[in-house]
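A closer look at the structure
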Amino acid sequence: MANSRTISQIIEPQYVIEGADVLLRRSIAPKKSNEFDPFLLFDHFAFNDPIEGPIRGFPMHPHRGIETVTYMLEGATHHRDSLGNEGTISAGDVQWMTSGRGILHEELPRRGESGNIYGFQLWVNLPSKLKMTAPRYQEVNAATIPTYEKDGIKIRVVAGQANGVVGPVTEIAASPLYLDVELASDTDFIQPIPSGHTALAYVFEGEAVFADKTIEAVHLVKFDDGDSIRVRSENKSVRFMLMAGQPFKEPIAPYGPFVMNTMEEIQQTLVELRNGTFIKS
Ligand code: MN
């Protein structure tokens, strides 16, 4: 590749409490500066310590103007929404939820056989023309997420394409790439990413050299522009989520679980929540 991307930023996730007593590691959150456009938030939830007590979750809450992407590695998340959808996102499953003009939902984590809960939630922005689109789910069962496996590289392809393997999540405005990548020690990995797209890697196990920097778990890295990323594992294996997408380059007005383009649209959203017209059938 002619123009391999270098690293522009290394982010140390911060522990935060969200929802009802959910402890999670947050790397990015919606901000007006929109520096990770089209990505808004990346949360890593892991409650492996029994001293944390009973598992809480995210009771009924609204979303508008964004997509929330839940990917579970261990345990499960039970969800239920205002439109009558209900289901369980189990280990290895993905739920790509386009909130569009609005949903109210609850997300309740459940321990797996190991006793652990481990997963990620990514928020992807919607462009202004789709913020009020009808809500839509793409739910992908673990068994139907295609995997590429060769020469020490294992990639589960959620969205986009890697080594000719195409992910099942489609027709997303940001044209995203979302990969779960595992490299054995002493392995080289190159992934093409269109120039101009924002690219992030969340390193959550092991360590490897990303571009020319050694990154160990747990860190989020942001790449500079270029047409590919290059990762090389040395003595250790590594596992990371790789995400890339086309920025919308629009102003954003984030407010809790809503991300619109203007404060007027946020005000309107709050009015609709109060007067009961938020959910549109
Ligand atoms: Mn939610």
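Quick notes on the rules
- Residues numbered from 1 in each chain as written.
- Predicted model: local features only at pLDDT ≥ 70, side-chain atom pairs only at ≥ 80, totals over all residues.
- Heavy atoms only, no water.
- Pairing = 2+ DSSP bridges.
- Helix = DSSP H or I, 4+ residues; strand = E, 2+ residues; numbered from the N terminus.
- Axes fitted to C-alpha atoms, helices over the stretch in contact; angles between N-to-C directions.
- Donors = N, O, S within 2.8 Å, 3.2 Å for Na, K, Ca; no water.
- Buried < 20%, exposed > 50% of the residue type's maximum accessible area, 1.4 Å probe, protein only.
- Contact = heavy atoms within 4.5 Å.
- Phe/Tyr/Trp six-rings, centres within 6.5 Å; stacked < 30°, edge-to-face > 60°.

**A look at the sheet that holds strand β3 (residues 22-28)**
Backbone hydrogen bonds are what pair the strands of a sheet, in a parallel or an antiparallel way. An order of β2-β3-β4-β11-β6-β9-β12 is seen for the 7 strands of this open sheet, with the pairing classed as antiparallel. The open sheet terminates on both sides in strands that have one partner only, identified here as β2 (14-18) and β12 (136-140). Strand-to-strand, the axes of this sheet are offset by a mean angle of 20°, without reference to chain direction. Sheet topology note: the β2/β3 ladder contains 5 bridges and is antiparallel. Across the sheet, the residue bridging to Tyr15 is Arg25, located in β3.

**Description of the coordination of the manganese ion**
Listed as protein donors to the manganese ion are His61 (NE2), His63 (NE2), His105 (NE2) and Glu107 (OE); their distances from the metal cover 2.1 to 2.3 Å. Each donor residue of the manganese ion lies on the same chain, and together they follow the pattern H-x1-H-x41-H-x1-E. Taken together, the residues span a long stretch of sequence, with His63 in strand β5 (residues 58-63) and Glu107 in strand β10 (residues 103-110) at a distance of 44 residues. The exposure classification of His63 matches that of Glu107, with both residues buried.

**Section: the environment of Pro247**
Note that Pro247 resides in the loop between β23 (238-245) and β24 (253-255). C-alpha of Pro247 to C-alpha of Pro192: the two residues are 55 residues apart in sequence and 17 Å apart in space. Leaving out residues up to four positions away in the same chain, Pro247 has contacts with Asp37, Pro38, Gly196, His197 and Thr198.

**As for the sheet that holds β10**
Taking strand neighbours across the sheet as the criterion, the 4 strands line up as β5-β10-β7-β8 in an open arrangement whose pairing is antiparallel. Only two strands of the sheet have a single neighbouring strand rather than two, namely β5 and β8 (86-89). Looking at each pair of strands side by side, their axes are set apart by 25° on average, direction ignored. Sheet topology places strand β7 (residues 76-81) next to β10; 6 bridges connect them, and they run antiparallel. Across the sheet, residue Ala76 finds its bridge partner in β10, namely Arg110.

**Quick look at the packing of aromatic side chains**
One pass over the full model with this rule turns up 11 aromatic pairs. Their ring planes at 85° and their centres at 6.3 Å tell us that Trp96 and Tyr178 sit as a pair that is edge-to-face. Highlighted residues: Trp96 in strand β9 (residues 94-98) and Tyr178 in strand β17 (residues 177-183), separated in sequence by 82 residues.

**What to know about unusual backbone geometry**
Following Asp37, the chain continues to Pro38 via a peptide bond in cis, the omega torsion being 15°. Within the secondary structure, Pro38 sits in the loop between β3 and β4 (39-46). Of note, the bond from Ala217 into Val218 is cis; its omega dihedral lies within 30 degrees of zero at 5°. Secondary-structure assignment places Val218 in the loop between β20 (213-216) and β21 (219-223). One non-glycine residue, Asn34, lies in the positive phi region at around 50°. Mapping Asn34 onto the fold places it in the loop between β3 and β4. Phi angles above zero are rare outside glycine, and Asp186 is one such case at about 60°.

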